[in-house]
Amino acid sequence: MQQYIDLEDIDNVDSLIEKAIVLKNNPFAHKELGKNKTIGMLFFNSSLRTRLSTQKAAQNLGMEVMIMNLNSDSWGLEFEDGTVMDACTAEHIKEAAAVISQYVDIIALRAFPTLSDKAKDEEEQIIKSFQKYASVPVVNMESATAHPLQALTDAITIKEHQTKERPKVVLTWAPHPRALPHAVPNSFAKMMQMIDVDFVITHPEGYELNPKITGDTPIVYNQDEALKNADFVYAKNWSSYNDYGQIKSTDKNWMITLEKIKQAKFMHCLPVRRNMIVADEVLDSNQSLVIQQANNRTYAAQAVLKEILEQRGK
Ligand code: AN0
Ligand code: CP
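Model, not experiment: these values are computed from the prediction.

Peer 1: Could you give me a rundown of the environment of D105, with the residues and numbers involved?
Peer 2: With respect to the secondary-structure elements, D105 resides in the loop between α4 (93-103) and β5 (106-110). Distance in space between the C-alpha atoms of D105 and E64 is 9.8 Å, their sequence separation being 41 residues. At 2.7 Å, the side chain of D105 forms a polar contact with the backbone nitrogen of T38.

Peer 1: Tell me what's going on with the site of ligand 2, and back it up with residues and numbers.
Peer 2: The local shell around ligand 2 consists of S47, L48, R49, T50, R110, H147, Q150, C269, L270 and R297. At 2.9 Å, a side-chain N or O of H147 approaches an oxygen atom of ligand 2. One nitrogen or oxygen atom from the side chain of Q150 is found 3.0 Å from a nitrogen atom belonging to ligand 2. Its free accessible area being 260 Å², ligand 2 has 93% of it covered by the protein chains. The class makeup of the residues in the shell around ligand 2 is three nonpolar, four polar and three charged. Domain assignment of the residues forming the shell around ligand 2 places at least three in each of domain 1 (7-146 + 297-312) and domain 2 (149-293).

Peer 1: How would you sum up the site of ligand 1? Please name residues and give values.
Peer 2: Taken together, the residues surrounding ligand 1 are F112, E142, L180, P181, K236, C269 and L270. Interatomic distance of 2.6 Å between a side-chain N/O atom of E142 and an oxygen atom of ligand 1. For ligand 1, an oxygen atom lies 2.7 Å from a polar atom in the side chain of K236. Here ligand 1 loses 82% of its free accessible area of 330 Å² to cover by the protein chains. Residue composition of the shell around ligand 1, grouped by class: five nonpolar, no polar and two charged.

Peer 1: Give a description of the environment of I127 that names residues and reports values.
Peer 2: Along the polypeptide, I127 turns up in helix α6 (residues 125-133). A C-alpha to C-alpha distance of 10 Å links I127 and I107, two positions 20 residues apart in sequence. The contact partners of I127, leaving out residues within four places of it in the chain, are I5, L109, V138, N140 and S143.

Peer 1: Just give me the short version of the sheet that holds strand β6 (residues 138-140), but keep the residues and values in it.
Peer 2: Spatially, β2-β1-β5-β6 is the arrangement adopted by the four strands of the open sheet, whose pairing is parallel. Unpaired on one side and paired on the other, β2 (64-69) and β6 mark the two borders of the sheet. Looking at each pair of strands side by side, their axes are set apart by 20° on average, direction ignored. Looking at chain direction, strand β1 (residues 38-43) and β2 are connected through six bridges and run parallel. Its bridge partner lying in β2, I39 is registered against V65.

Procedures and definitions
Residues numbered from 1 in each chain as written. Chains lettered and ligands numbered in written order. Predicted model: local features only at pLDDT ≥ 70, side-chain atom pairs only at ≥ 80, totals over all residues. Heavy atoms only, no water. Helix = DSSP H or I, 4+ residues; strand = E, 2+ residues; numbered from the N terminus. Polar contact = N/O pair within 3.5 Å; in protein donor to acceptor, adjacent residues only side chain to side chain. Near = heavy atom within 4 Å. Areas by Shrake-Rupley, 256 points an atom, 1.4 Å probe, with all protein chains shown as cover. Nonpolar A, V, L, I, M, F, W, Y, C, P; charged D, E, K, R; others polar. Domains from an automatic or database assignment. Contact = heavy atoms within 4.5 Å. Pairing = 2+ DSSP bridges. Axes fitted to C-alpha atoms, helices over the stretch in contact; angles between N-to-C directions.

Structure (structure tokens):
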């Protein structure tokens, strides 16, 4: 693997899932691989899981870790080409990415969307600029439109907990008071299309995701109908895609309860707002997989970093 910008960077998803599960059983087996190698983890946005699990993954591989919150700790970065930098930005990405590349062997980056400028968000300017001007591999820790480390984690978790050869997996929209990105549902949908599951998406009308991503996946507007016979229910809020970044509904009837999911396992990427997205009774039951999912973030990241280090070592 040369980089991990999106799920297309995975050669063979089933094999990567297996490799992550092998690492989970023996996390320190490759301590030499990352010796004298450094990952630079750069954040434009908050994080709990991504930050700690990716750090742990790198350390499990023997790597050194440097972390920087770019918005608060560094210079304001300029991404436009040819601008006269007479306003707020103090440093151009051309210098910044080239400089950081001399200090680290892998750059991992988190940069959320604006949710106001669809074209700009879909351009993925921040991660693409790092990719262009850095001389080391770039790993996506959630960009404007994708969260591929989360999606790999979710696939690992389903693999570990499935009791049928082809389980039914439902991605359901759920209410939230603030406008949230499409990155998690986008990557989850793409991943479910890559593995052997019966996958359905449900959301209120007006919450259609990018049709280029949902493709042939059935979209059922009636949540009860969609949830019938589900084995895994994955809840997530996202803002409108068509009416970009807007909140069209906060309908409490879409909140996930035990009555709705019956015997299904519950999944969410976290952080989750209790009794908005999902009722306490679900999160506090043994049907919830959210803690196990968060644990798998380490092994998803470790599998990815290992592939990149091995490729670089060739
Ligand atoms: C972010 C999102 O929805 O993309 C991060 C999730 C991993 N969530 C929030 O901002 C609450
Ligand atoms: N799931 C996830 O990416 O969590 P954080 O935003 O806390 O990193």
